[in-house]
Amino acid sequence: MLTMLCIWAGLLAFYDFSQRRIPNLLSLGALLFGFSYLLMTGQVFYYDQPISSAFWGLAVAFLLTIPGYATRTLGGGDVKLLAAIAVLCGVKVVVASFVLASLGVLAGLMIWWQLKPQLVTSGWVSVSRESNKRRYIPFGAALALAMGVVILFPEIWGMESWHL
C-alpha cells in the first residue's frame, strides 16, 4: 500500500517537473481507485481512517485549491491531485501535504531569487524574451513529494494526536 502510493507520487512529480502538467490518468485514476476502495472497505486507502476523513479531506482540498485555480496560480491538475490525496489518504495527510508543499515551494522560490543573478552572470540562465514567458511552478510535484514525506514519516507530524 505504502509502496503504491510512493510510486504514484514519484510518477506525478516526474510528469509535473518535466512537462508542467499532471496526466488525468494519474489523478482521475487515483480518484476512481480511492472511491472504489472507500465503497468496498469504508476506509481510506492509507492510515485506516473512516470514510468521513476522505470527505472532510475533499472539502479541505477544494477550499485550499479552488481560490488558486480561480486566480490561475494553480492548475486543474493540482486541484485534482489534492482531491485524489484526500480520497486516498484522508484529511490529515491533505493538510500536512499542503502545508509542507507550500513551505517547500516558498523555500525554493527564495533560493531561486538569491541564485538567479549568479546563474544569469555565469550563463546558466538566459534572460531573452523567450524566457520571459509565464512559467508555472510545478506545485503538483511539490504536493506529490510532500505527500510521500508525510506518509513515509507520519510520526514527525504527530498525526495520531490531530483531532480532525
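Residues numbered from 1 in each chain as written. Predicted model: local features only at pLDDT ≥ 70, side-chain atom pairs only at ≥ 80, totals over all residues. Heavy atoms only, no water.

1. Brief notes about helix 6 (residues 139-152)
Every α-helix winds through 3.6 residues per turn, so residues three or four apart in the chain are directed the same way. Given a rise of 1.5 Å per residue, 14 residues ought to cover 20 Å, and the 20 Å separating the end C-alpha atoms of helix 6 matches this to within 8%. With 11 of its 14 residues buried, helix 6 lies for the most part within the structure. Looking only at helix 6, the buried set comprises F139, G140, A141, A142, L143, A144, A146, M147, G148, V150 and I151. (Helix = DSSP H or I, 4+ residues; strand = E, 2+ residues; numbered from the N terminus. Expected span 1.5 Å × (residues − 1). Buried < 20%, exposed > 50% of the residue type's maximum accessible area, 1.4 Å probe, protein only.)

2. With respect to unusual backbone geometry
Of all residues except glycine, most have a negative phi; of all peptide bonds, most are trans. One non-glycine residue with positive phi stands out, namely R20, at about 55 degrees. Phi is positive for R72, which is not a glycine, with a value near 65 degrees. Looking at where R72 falls in the secondary structure, it is placed in the loop between helix 3 (51-70) and helix 4 (76-89).

3. So, the state of the cysteines
Tallying each qualifying case throughout the model produces 0 disulfides. Note on C89: no disulfide assigned, nearest cysteine sulfur contributed by C6 at a separation of 9.5 Å. Classification of C89 as buried rests on a relative accessible area of 0%. (Disulfide = S-S within 2.5 Å.)

4. Notes on the packing of helix 1 (residues 2-19) against helix 6
Packing of helix 1 against helix 6 leaves a shortest axis separation of 7 Å and a crossing angle of 160 degrees. On the basis of the axis angle, helix 1 is roughly antiparallel to helix 6. Note on packing geometry: the crossing formed by helix 1 with helix 6 is left-handed. Across the interface between the two elements, L2, L5, C6, W8, A9, L12, A13, D16 and F17 of helix 1 pack against F139, G140, A141, A144, L145, M147, I151 and L152 of helix 6. (Axes fitted to C-alpha atoms, helices over the stretch in contact; angles between N-to-C directions. Parallel < 35°, antiparallel > 145°, perpendicular 65-115°, else oblique. Left-handed = near helix turned anticlockwise from the far one by under 90°. Contact = heavy atoms within 4.5 Å.)

So far we have only geometry, and geometry alone does not tell us how the molecule works.
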